[in-house]
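Listed below are the residues making up each chain.
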Amino acid sequence: MAKPRVLLFPFPALGHVKPFLSLAELLSDAGLDVVFLNSEYNHRRMTNVIEFLSSRFPSIRFETIPDGLPPDQPRSLVDSPLYFTMRDGTKPRFRQLIHSFNDGCSANSWRITCIINDVMLCSPIEVAEEFGIPVISFCPHSARYFYTHFLVPKLVEEGQIPYTDKNPVGKIEGIPLFEGHLRRNHLPGSWSQQSSHISFSHSLINQTVAAARSSALILNTFHDLEAPFLTHLSSIFNKIYSIGPLHALFKSKLRNSSSPPPTLIGFWKDDESYISWLDSQPPGSVIFISFGSSMKMEARELIEFWHGLVNSGKRFLCVLRSDGVYGGESAELIKQMVGERGYGRNGVVVEWADQEKVLSHTAIGGFLTHCGWNSTLESIVAGVPMIGWPVLGDQPSNATWIDKVWKIGIERNDEKNWERSTVEMMIRELMDSQKGVEIRRTVKKLSKLANDTVVKGGLSFDNLEHLVQHIKNLKPDN
């Protein structure tokens, strides 16, 4: 009998591709055939990773699809061109791909029996329905942020959004589940009456809530972290499988592998020379700074941030991408600030770093982060307290929960404040104050819960096994 063959289709942003790859590896390890559908652009940049995974997991097959943008155009989510081209341009090619597997192949073993779809993409669900193929949706965000998509129609009907007072941090009223912490900038999309992105925001919501047509929902989270939101989502989806933190589950399930996974993602050079520097630092003495794979800042913001970081007097390891400043000024600015070798007065600056490895290093005492969901989970698993420096998407919501609900970090209050004094104050508060001590104590407790759930007998560990069985039991309509 042919093994079930699952096709995974992530939205082609790094924060989505990474957990999708971990899921692909876990499903392959569980005995499923996996097809990973990558954008042509990302596939070219990930050649070393794909070669490694293909040799290690021979039942993972990589296919590609155009993302609709010219090769030299930046894949930024800020201005949403990638979203629109993926929404509008990939459906015909995806239909052809499914046809080549299910109708064009004589060997039944090549048929796709299940599609795991990114909740940001609706067109794969529509194509799957044409072919009678069951769909499971995968949400790379938090359960909390995903649930807010289903609240938006109600908030529009009530007149809470779009709002007219130009206050993006105004409270959203009447949603008890969020304990009074839900703000306008926590919602997906842009809902200011003055915004030019209102139509985009409505499209985003319509695309995402279509995931409710799936047979099940997979979430990269764990029960002890987001139990109330998982409960509410279970009233929308027939089955939900919380299997996070995925990177920790991956390590737990495959810890006996002869070789570790490659650093995702060879998008930027990572020579790991910083590890020897970390090895020479006292335990808990270094603040790690990384703004993720897509955030950009103005040159003046980088300068202010840099002075605040240096003025804090704390040892630091700072990731500053060469494409991280608008106008292409990053490389020259960084060179002026830290010199040719990347060493500042009391720290190290690198182009890219293996974040999981850095966060697990004993020298790390804090993490200044954009609060992307992968980074948030990695910090929780490592037991490292955070300074939240959010910019867009789910990041503001994550930062608020890090500070106000989970109490494992400090949220920047003014979303536009890059003053050097603010940077210095927040770093000192996390690293030196009594509040910082309490935060470290709390995050260690949450870290234990995160690590306990991904080992045998833990809920996320068991949920993965239930998910695999669910996939094996699915029957295409034709």
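The preceding data block contains the structure.
Summarised in this report is the structure supplied together with it. Because the structure is a prediction, the values reported are computed rather than measured.

The rules behind the values
Residues numbered from 1 in each chain as written. Predicted model: local features only at pLDDT ≥ 70, side-chain atom pairs only at ≥ 80, totals over all residues. Heavy atoms only, no water. Helix = DSSP H or I, 4+ residues; strand = E, 2+ residues; numbered from the N terminus. Contact = heavy atoms within 4.5 Å. Salt bridge = Lys/Arg side-chain N within 4 Å of Asp/Glu carboxyl O. Buried < 20%, exposed > 50% of the residue type's maximum accessible area, 1.4 Å probe, protein only. Core = buried A, V, L, I, M, F, W, Y, C linked by side-chain atoms within 4.5 Å. Pairing = 2+ DSSP bridges. Right-handed = clockwise from strand over helix to strand, strands pointing away.

## Things to note about the environment of Ile98
(1) Moving on: By secondary structure assignment, the location of Ile98 is in helix H5 (residues 91-102).
(2) Moving on: Separated by 29 residues in sequence, Ile98 and Val127 place their C-alpha atoms 8.3 Å apart.
(3) Moving on: The residues contacting Ile98, other than those within four sequence positions of it, are Leu7, Asp103, Ile112, Ile115, Val127, Phe131 and Ile133.

## Observations concerning the pattern of salt bridges
(1) Moving on: Within this structure, the stated rule accounts for 21 salt bridges.
(2) Moving on: Here Lys18 ties to Glu378 by a salt bridge, and the two come within 2.7 Å at their closest N and O atoms. Here Lys18 is found in helix H1 (residues 14-29), whereas its partner Glu378 is found in helix H15 (residues 373-382), with 360 residues between them in sequence.
(3) Moving on: Judged by its relative accessible area of 5%, Glu378 falls in the buried class.
(4) Moving on: Taking the shortest distance from any N to any O, the salt bridge between Glu158 and Lys154 comes out at 2.5 Å. With Glu158 and Lys154 both in helix H7 (residues 143-158) and four residues apart, this pair spans about one turn of that helix.
(5) Moving on: A relative accessible area of 42% means that Glu158 is categorised as partly exposed.
(6) Moving on: Its relative accessible area of 34% is what places Lys154 among the partly exposed residues.
(7) Moving on: Each of Lys18, Lys251, Glu356 and Glu378 takes part in one network of salt bridges that share partners.

## A closer look at the nonpolar core
(1) Moving on: Among the nonpolar cores identified, the biggest contains 100 residues, and Leu8, Leu23, Leu27, Ile116, Leu278, Leu317 and Leu467 are the most heavily contacted of them.
(2) Moving on: By residue number, the principal contributor to this core is H1, which donates eight residues.
(3) Moving on: Apart from residues no more than four positions distant in its own chain, Ile116 is found in contact with Val6, Leu7, Leu8, Phe9, Phe20, Leu23, Leu27, Ile136, Phe138, Ile218 and Ile471.

## Here we look at the pairing of strand S8 (residues 286-290)
(1) Moving on: The buried fraction of S8 amounts to five of the five residues, a majority that puts the element mostly inside the structure.
(2) Moving on: Here S8 shows no split at all, with Val286, Phe288 and Ser290 on one side and Ile287 and Ile289 on the other all buried.
(3) Moving on: Bridge count for S8 against strand S9 (residues 315-319) is four bridges, and the pairing is parallel. Directly across from Ile287, in S9, lies its bridge partner Phe316.
(4) Moving on: For S8 and strand S11 (residues 364-369), the ladder comprises five bridges, and the chain directions are parallel. Bridge assignment links Ser290 to a residue of S11, and that residue is Thr369.

## What about the pairing of S11?
(1) Moving on: Within S11, six of the six residues are buried, which leaves it mostly tucked inside the rest of the structure.
(2) Moving on: Where S11 lies against strand S12 (residues 386-388), three bridges are found, and the strand directions are parallel. From the neighbouring strand, Phe367 faces S12, where its bridge partner is Met386.
(3) Moving on: Crossover handedness for the path S11 to H15 to S12: right-handed.

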